Every structure is written in C-alpha cells, then in structure tokens.
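# Tertiary structure, described
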Amino acid sequence: PSARRAPAGGLIKVDSDNTLYEDGGIKARYTDRGADVVKDADGRLKVTKTEKTFEFYTKSNVGRVGLMLVGIGGNNGTTVMATNLANKHNISWHTKNGEQQPNYIGSLVRASTVALGTDPETGKQVYVPISDMLPMVHPNDFVIGGWDISGVSMDKAMARGKVLDYDLQRQLAPYMKEYKPMPSIYYPDFIAANQADRADNVIPGEDKQAHLEHIRKDIRDFKAANQLDNVIVLWTANTERYADIIPGINDTAENLLNAIKTSHDEVSPSTIFAVAAILEGMPFINGSPQNTFVPGCIELAEQKKAFISGDDFKSGQTKVKSVLAEFLVNAGIKPLSISSYNHLGNNDGKNLSSAKQFRSKEISKSSVVDDMVAANPVLFKTAADLTEETGVVTKKGEHPDHIVVIKHVPAVGDSKRAIDEYYSELLMGGRNVMNIFNECEDSLLATPLIFDLAILADLLTRVTYREVPKAGEAGEFQPLYSVLSLLSYMLKAPLVKPGTDVVNSLNRQRNALDQFLKACIGLEHQGDLLLETRVW
Ligand code: NAD
C-alpha cells in the first residue's frame, strides 16, 4: 500500500465491444438492471424488471491535483501533510518495535482490493487494488496547502498534535516548517469558546462578502502558482454548531448569496468556504458534522454543476456500528438499544466538550442505523403498523434506543476510546449483550479517509455520462450529479440527492463504489453468486 504505481496506460484492459480506450479517456457502456415493485389490488407485490443503458467517459489524464485543507494545522491536517511527505520522500523511522516504513494503510483506494473476475486456469478470483481500476491521482502527488485560524508553522502544529512518533517528526520538521497555514475566517460564535486562544491567524474584518472573495482568491492563486488542473477543498477544521435554517436567508442559492453580501449572522465559516469552492468550480468536501450544506448551498452547487460531499468522516465507532447493526438486523436479531460512549483528549474533544458543537456530532452519529431498521419491517414495526395497532397516528416506526456520549479527557490525547453496548432480543424472549471497546489514534483513522475522499472526488470530476435510449439518439455527455454520494463509505452522515434515501450500510456503500468503478470500464458487477461453484 505504499508508493506502488500502476504502469502508464493502466493495469487493466477490458477486452469488450462495450469498452473503448480512446486517446483522452475510457468510454464504456453499462446496462443498469433493476426492478419496479408495485402492490396490486389483491395486495400482491408485482415486480417488473427494468433496464437502462448508460455510457461513461472517464478522462484519463489525471494532471496535477491540489488538496486544500481548512484546519490544516489540526491533528488531521498535520497528519495528512506528514503522511504525504513521509511517503513521497520515503522516510522511515525508529520505534520501540523497530524500523517503520511509511504507508497508506487504512486507505480504501490504496490498501484494499476488488475482485475483478476469475482466472480460467485456476478458477481462483483475481483481486486488484482499487487504485488500479481507473486513472487516479497518487496521494504522494497531491500538492497540499490550506488555512488555519492558528498560525503556527506546520512543524510546530505537528508537534502540538502529538500524533506521530518523535523520530518521524524530527525528520519531517525541516519539510513541514516551510509551510505556514493561510489566515482563515473566524466567527467565534460557531466553534467552542475554548478555541479562542488558538485564533491568531484570522482574516480581518466582519464583511462576509469580502471573506468569500478572499477565499476564492486563495483558491485561484494556489491553483495558478502550482499549475494545478483540479483543487479539492476539504473542511477538517473544528466542528461548528448547526446554522439555523431561516427562510429568506439560507434556503435558496440566491438568498444565501445575498445573506453573505449582508454579512448575516447565520452564515458559518464552513458555508463560506463551500460557496467559495463552488463558485471556483472546485469540489468541496465537509469532514465535520455541522450543516455546512444548508439548502441554499446545495442549490448553488446544482446551479453551478459543482461537486460537494459530506458530512463528517466515518472513521471508527460509526463504521463499526454500521457493520454490527447490519449484521444483527440481517441475522434476524433485533437490536433493542445501542449505547455509545467516547472519550478523547485531543483538540477535537476539547471543542466537542461545548454543548452546541457536541449537538452537531450527536446528530451526525445518531442516524447511522436508520436504513437497516427501515429495511426490516419483520423485526421493527413501521409507522403504519403502530398507527393500526394503537389507533393513534404515529409518524415514526419502531427504532432501537440509541444514545451517544462524548467526554474530553486530556490525558489520553489523540488516542480515542469508544465503548459501545449492543443489547438485542433473541429467540423466545432471550437477550444478548455485546460490548465493544475500541482504542486507537483518531487522526490515523481519519487521515487515510481524507486521501480517499480527495482521490475519489478528483476521479468523479473526470467522469461524465449520458443515457443511451433504446430508440433515438444519445445526448451529450454531462457531469455526475453535484452531491457525490458515492463517497458515503467515508462519511458518517452521508449527504445525498434531496428526496432520495440515505444508505448507511457500509457493505452497500462499498458495493456501490465497486460497481460504479467497474461500470466505468464496462464491467458488470460480479456478485457473490459464483455459479460455477454451485453447478456440476
Ligand atoms: P483539531 O482540533 O486538531 O483541528 C482542527 C483545526 O481547525 C485546528 O487547528 C483549528 O485551529 C482549526 N480551525 C478551527 N476553525 C477554523 C476555521 N474557521 N478555519 C480554519 N481553521 C480552523 O481537530 P482534528 O482532530 O484534526 O479533527 C478535525 C475535524 O474532523 C473535527 O471537526 C472533527 O470532529 C472531525 N472529525 C474527525 C475524525 C477523526 O477520526 N479524527 C472523525 C470524524 C470527524
């Protein structure tokens, strides 16, 4: 998973009429098969098979890609830069366990594989790293920069974070000290008051329009100075409080732009960064839980055909929860309650010790089992069942109790503890209690997700599609829809196309990504049917 690179021209070549390798890219035809399900008059479910054919075009020239981090001086930001530099310069370091090499362990793109098909001679499955599926930027090649309200240089910020081994920090310091975060937007009301003593690197004034223009110029200048083809802007700054959604202020694109012009109180720094990226035509990803993407911001991205994705990195506890809850529900076991406790000692934990910022995190952590529960009306009564049973109109179906507690314990630093109890109903009234105690460095889980989000967001900006109707002409190729929900695997509270269902199941999120990457090279999804192993 370190600096391995695919040969020029890619490692995979699909031999099919459906896949054309052209000079500038890969054109692939893919048929999406599904089923419409309708209840008929007798209450029977009538299923009709559907299919739609698409063509995908993936531009193969990756070019030079920038990664601009908001909150670059924090634990995640410094660890991203340090990981990039250590890999790029192949810096190894000494630990009490011996010599350690740099790597990208924990990155879905760089360190996990997809089954491509079967070797006809051995009958064994052939696996390839996700990074070999399509032309993707190598994380060593990102040009990294960004903003922080704390102005200390990156070597000092890395030392402050206390994430990486001393011997690595010592060797990286000469590279890191060259970079000082750019000044950022600071509206004290949005993050915890306990962050005020960090804020020594802020863009002056209170004019939000001027702040927007300042950030837009920073993005443009960074792109020009480094001769970049694409720049991913990613929020890994402190968790903000939720912004109130106010009709006339942030409900439409036009109102939001006006609210920025009049410096309305409810426009947060993260929304200004998102708007700046959208107006510059650069993808924006929100790694924190707050509602950066107010309705006006999503509408603006749609209007500009820009790309956005969020919210909140799904690094540890939530990832495990989305797997375990799905395991229980799919096993026909009924979770009655899920109780989660966290304590951590880093600056993120300090910021989250304040009530409004904790509330943002609580919201983002709480909806993670909703889709699994909704998918199983055998175990969980639906709102309609409850209404019929009680005679009282009920809007929400049955749901396990779910609580989330987070406490700041400075002594444990970046090493977060997550304790979860799953309490479930078994056969004939039995009960099952499962406890998980998870302990690890938070920023070492989040950093590979940041690389994955940026690599995949860059890739998805190079993919265009068109529908191929059964009769008539196919139209022009166009970009994907603005909200990149294909990045959900890395996000705790995935933002999706308004009006569509959120998928929290980690397996389903991963399958969607595998399938999409395959579709872009014209391959059908190879499920787990393995029919040849079931027949004579
Ligand atoms: P951190 O506190 O170490 O870093 C945040 C940085 O953002 C700080 O350096 C701070 O000075 C800066 N900052 C605050 N407001 C800013 C602004 N308006 N503009 C620019 N910079 C600003 O936190 P972290 O551990 O690096 O986590 C970053 C974010 O990622 C947090 O919101 C956290 O909740 C979220 N997150 C982290 C994980 C994880 O596993 N580490 C998982 C999910 C979400």
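Let me begin by describing the structure that accompanies this report. (Residues numbered from 1 in each chain as written. Predicted model: local features only at pLDDT ≥ 70, side-chain atom pairs only at ≥ 80, totals over all residues. Heavy atoms only, no water.)

### Re the pattern of salt bridges
- Inspection of every chain in the model, using the stated rule, returns 21 salt bridges.
- Between Glu-51 and Arg-33 there is a salt bridge; the shortest N-O distance is 3.2 Å. On the criterion of sequence distance, the pair formed by Glu-51 in strand E3 (residues 45-59) and Arg-33 in strand E2 (residues 25-39) is long-range, its members being 18 residues apart.
- Taking the relative accessible area as the measure of exposure, Glu-51 reaches 41% and is therefore partly exposed.
- Since its relative accessible area comes to 54%, Arg-33 is described here as exposed.
- Through salt bridges with shared partners, a single ionic network connects Arg-29, Glu-55 and Arg-466. (Salt bridge = Lys/Arg side-chain N within 4 Å of Asp/Glu carboxyl O. Helix = DSSP H or I, 4+ residues; strand = E, 2+ residues; numbered from the N terminus. Buried < 20%, exposed > 50% of the residue type's maximum accessible area, 1.4 Å probe, protein only.)

### Topic: the packing of aromatic side chains
- Applying the stated criterion to the full structure yields nine aromatic pairs.
- Taking the centre distance of 4.9 Å and the plane angle of 70° together, the rings of Trp-147 and Phe-273 count as edge-to-face. On the criterion of sequence distance, the pair formed by Trp-147 in strand E9 (residues 143-147) and Phe-273 in helix H7 (residues 269-279) is long-range, its members being 126 residues apart. Accessibility classification places Trp-147 together with Phe-273 in one group, the buried group.
- A network of ring pairs unites the aromatic residues Phe-54, Phe-56, Tyr-465 and Phe-516 as a single cluster.
- Over the ring of Phe-190 we find Arg-241; its NZ or CZ atom is 4.1 Å from the centre of that ring. (Phe/Tyr/Trp six-rings, centres within 6.5 Å; stacked < 30°, edge-to-face > 60°. Lys NZ or Arg CZ within 6 Å of the ring centre and 35° of its normal.)

### Some thoughts on the site of the ligand
- In the vicinity of the ligand, 30 residues are found, and the nearest of them are Asp-148, Ser-184, Ile-185, Ser-288 and Asn-347.
- Between the ligand and the protein, one listed contact pairs an oxygen atom with a side-chain N or O atom of Asp-148 at 2.6 Å.
- Within the side chain of Arg-198, an N or O atom sits 2.8 Å from an oxygen atom of the ligand.
- For the shell around the ligand, the secondary structure elements donating two or more residues are helix H1 (75-88), helix H10 (347-352) and helix H14 (442-461). (Near = heavy atom within 4 Å. Polar contact = N/O pair within 3.5 Å; in protein donor to acceptor, adjacent residues only side chain to side chain.)

### What about the sheet that holds strand E1 (residues 19-21)?
- Ordered in space as E1-E2-E3-E17-E18, the five strands form an open sheet in which the pairing is antiparallel. Both edges of this open sheet fall to E1 and strand E18 (478-479), since each of them pairs with a single strand only.
- In this sheet, E18 lies alongside strand E17 (residues 463-468) in antiparallel orientation, the contact comprising two bridges. Directly across from Thr-464, in E18, lies its bridge partner Pro-479.
- Packed on one face of the sheet, helix H15 (residues 506-520) meets E2, E3 and E17 and runs near 130° to E2. (Pairing = 2+ DSSP bridges. Contact = heavy atoms within 4.5 Å. Axes fitted to C-alpha atoms, helices over the stretch in contact; angles between N-to-C directions.)

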